[in-house]
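# Examining the three-dimensional arrangement
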Amino acid sequence: MSAAIEDVVTEAPAVEAVPKRAMTLGTGTSLVMLALLLLVPLFVKNFIIFQLTMLLIYGVAVLALNILTGGSGQFSLGQSAFYAVGAYTSAILMEQFNVNYALTLPVAGVICFAFGFLFGQPALRLSGVYLALATFALATAMPQLLKLGFFEKWTGGVQGLVVTKPDAPFGLPISQDMWLYYFTLVITIAIYLFSVNLLRSRSGRAFMAIRDNEIAASAMGVDVALYKTLAFGVSAGITGVAGGLGAIAVQFVAPDSYTITLAISLFLGMVVGGVGWLPGSIVGSAFIIFVPNIAEGISKGLSGAVFGVLLFLVIFLVPHGARQVAIVGQQLIGRFKKN
Amino acid sequence: MELFTNQILAGIATGAIYACMALAVVMIYQAIDHLNFAQGEMAMFSTFISWQLMQWGVPYWGAFVLAVVFSFAGGVVIERLLFKPLAKAPILTNVAGFIALFAIINSVAGLIWDFTIKQYPTPFGSSPFLGSQLISTHQAGMIGVTVLLLTGLYFFFQFTRMGLAMRAAASLPESARLVGVNTSWMIALGWAMAAAIGSIAGMLIAPVVFLEPNMMGGVLIYGFAAAVLGGLTSPLGAVVGGFLVGVFENLAGTYIPGVGNELKLPIALALIITVLVVKPAGLFGRPIVKRV
C-alpha cells in the first residue's frame, strides 16, 4: 500500500538549515547579556534568585537539545530521561556516597554521555518521526524504571531522595541561593562556550553536513554513524549536567518530576527559542518556566492549553522563534540609527 | 495451563484495543507520513463526549454513534485548520504541531471534565462469556467490535472507489492527482477515519482503564509499539501487531519474574527498540528504498 521508493533529493530536510554564523550572538550583545546575568541577582529576593537559577539550568537543557536538533538534525522527545539520569546520579553520589556536589556534575555528565551514546546506536536506524517516537517511549518509560524495586536501595523508590543544599564556600557572606546561582552561571557559561566552539569545529561542521543532507555528507567522507551517535552523546551529557544542577537547586529528586511533560517542555523551549540558535535557549527556558506559572494563576490545568496555543502561534507566525524576533529587532535598531 | 489460556485470551482482548489504536496511527501515517502524537488524546476527548452525552440521557449506542460522527468531523476540522498549512513544512514543525495538539486537548478535557477518574459503562456487561470463566462478555465484545471494524475497513480499501483513491493518494500523490484524485481531501478523509477509529478504541477501553484525561497515555505507547511491530506502512500489520503486543504484554506480566504492572511501559519501550534495531520495517512493512 505504500511507495517503496522515497525521493531523497526533492524531500524537504527534517530541520531547516541554519547558517553557522547565525547560531550565536555578536560580542557586544554577549557582554551586555553577561553583565545582566552577573548583576541582576544582587538586587532581587531569594525566591527570584532561585527562579533565575532554574532559568539557567533549563537553558542548558534546551541548549543541549538545540545541539542535537539544530546541529545534527535529529529529534528527541526523550531529553527528560537524560535529565533524570543526571539528577539521580548527582543526588545518589551526594546523599549515599557523600561526594562533594561540584564533583558529582562531571560524573553525571559522563554517565549521561555514555547513556546517550548507547541510545544513539539504535537511534541510528531511525530518522525523523521514528526517532521522535523511540525517544518519546524512552521518556514515558523512565519514571517507571526509576521506581523499580531493584534500584530502590539507591534511588529511594517512589519517595525519591532529598538533597542538601550546599553552603557558600570559603565563608563567603552570601546566601545559599545566591552562591548556587553564581555556581550555575559559571557552569552555564562554560557549557555555552563549549557548545559554540563545538559547532564551529570539525565535528560541528560534520553535524551540520549530516543535518542538511546525509547522503551528501557521507559521500564527502563524514562518518555519519559516528557523528550522529556523538551528537546524541554530547547532548545527553550536557542534559545530564543540567539535571545534576537541577537536583541540587530543587533539593529533591523523585521519579514523577521527570515525566514526558518535562521532555515536551524542553522541546517547546527549543522551538520557541529558535531551532539552531544557541542564545535562544535562554529565551525558550524563560518561556517554559514563566508561562505555566502565569497560566496556572488564571486557572488550574490551563497551562497545557496555553502552551499548545502559543506553540501553534509560534509555528504559524514566527517559525524561527526568538531568532526571528531578534533579527527583526536588529533591523529596526539599524534603521533607527540611520535616521 | 488454564492460567496460560486465560492470559492469552485476556491478551487478545487488550490486543484488540491496541490493534484499533495502531490502525489509527498507521492510517494517519499512510495519509501524511507523520506519526500523530495526539492520537490518544483525540480518542480520549471523543470518549468524554460520549460520556457527557450519556450523562444527558442519551442511550449508549446513540452516544456511541454521535461520538464517532463527532470525531470524524473533528478529524477533518483539525486537518483543514491546523495541519494542511503545514503540509510542506519540515518534519520538526509537524512534530511540534502534534505536541501542541496533544497539550491543548489534554488540558481542555481536564478543564471541562476534571482530572478525577470516572466510571464508564460497557454495553456488553461483565459476566462470564458463554459460561466460560476465561473471558468476560466485555472482552468478547471488544474483540467482536474490533474484528467487525477491521473487516469493514478491509472491504472499504479493497473494493470501493473511495478506498482505491485513498490508497493511490497515499502511495503516489503526483500520479494520483494526474488521474483526477483529489489528494488534499483524501488526507482530510484519512484524518477523519483515524479520529473515528481512535474514538471507538477509546470507548471500548474506557470501562477497563476508567475515564480520565490521561487514560490513553499507556494505550498510545502500546499502539505505537504495535504499529512499529507490524510495520508502519501496513494496516494489516498494525492489527496483527496489536494482538501480538497484547498477548506478549500479558504473558510477560505473568511469567517473567519482576515484571508486574510497574514495568508495563518499559516493556513497550524495549519492544519498540528491539523491533527497530532487528527489523526496522516491521513484520509486514516494506523497507523504504531511497532514491538519490
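Before reading further, recall that the structure is shown in the block above.
Presented here is a report on the structure given in the accompanying data block. Note that the coordinates shown come from a computational prediction; the quantities given were computed from them, not determined experimentally.

The rules we used
Residues numbered from 1 in each chain as written. Chains lettered and ligands numbered in written order. Predicted model: local features only at pLDDT ≥ 70, side-chain atom pairs only at ≥ 80, totals over all residues. Helix = DSSP H or I, 4+ residues; strand = E, 2+ residues; numbered from the N terminus. Rg over C-alpha atoms; globule rule 2.2 N^0.38 Å. Contact = placed C-beta atoms within 7 Å. Buried ≥ 20, exposed ≤ 12 C-beta atoms within 10 Å, placed from the backbone. Core = buried A, V, L, I, M, F, W, Y, C linked by C-beta atoms within 7 Å. Expected span 1.5 Å × (residues − 1).

## Section: the overall build of chain B
- Tallying secondary structure elements over chain B gives eleven helices and one strand in all.
- Its helices and strands taken in sequence order, chain B reads α-α-α-α-α-α-α-α-α-α-α-β from the N to the C terminus.
- The globule rule puts the C-alpha radius of gyration for 292 residues at 19 Å, and the 19 Å found for chain B is close to it.
- Taking the principal axes of its C-alpha atoms as reference, chain B extends roughly 55 × 50 × 35 Å.
- Considering only residue pairs separated by 6 or more positions, chain B has 74% of its internal contacts joining residues 24 or more positions apart.

## Overview of the overall build of chain A
- Helix and strand content of chain A: 14 helices and three strands.
- Looking at chain A as a whole, 50% of its 339 residues qualify as buried.
- Counting contacts in chain A only where the partners sit at least 6 residues apart, residues at least 24 apart contribute 79% of the total.

## Concerning the nonpolar core
- By size, the foremost hydrophobic cluster in this structure holds 205 residues, and its most contacted members are Ala137 of chain A together with Cys20, Ile197, Ala225 and Ile272 of chain B.
- If one sorts the elements of this core by residue count, helix H1 (residues 2-32) of chain B sits on top with 17 residues.
- Apart from the residues lying within four places of it in its own chain, the contact partners of Cys20 of chain B are Thr146, Leu149, Ile197, Ile200 and Ala201 of chain B.

## With respect to helix H11 (residues 264-278) of chain B
- Over its 15 residues, H11 of chain B runs 21 Å from end to end, which matches the ideal 21 Å to within 8%, given 1.5 Å per residue.
- All buried positions along H11 of chain B are accounted for by Leu265, Ile267, Ala268, Leu269, Leu271, Ile272, Ile273, Val275 and Leu276 of chain B.
- As for H11 of chain B, its buried residues are in contact with helix H4 (101-123) and helix H5 (129-147) of chain A together with helix H9 (216-230) and helix H10 (235-255) of chain B.

## Focus on helix H13 (residues 303-317) of chain A
- Here H13 of chain A spans 21 Å end to end across 15 residues, near enough to the 21 Å set by a 1.5 Å rise per residue.
- Every buried residue belonging to H13 of chain A is among Ser303, Gly304, Ala305, Phe307, Gly308, Leu311, Val314 and Ile315 of chain A, and all of these are buried.
- Contacts from the buried residues of H13 of chain A go to helix H11 (260-273) and helix H12 (280-298) of chain A together with helix H4 (91-113) of chain B.

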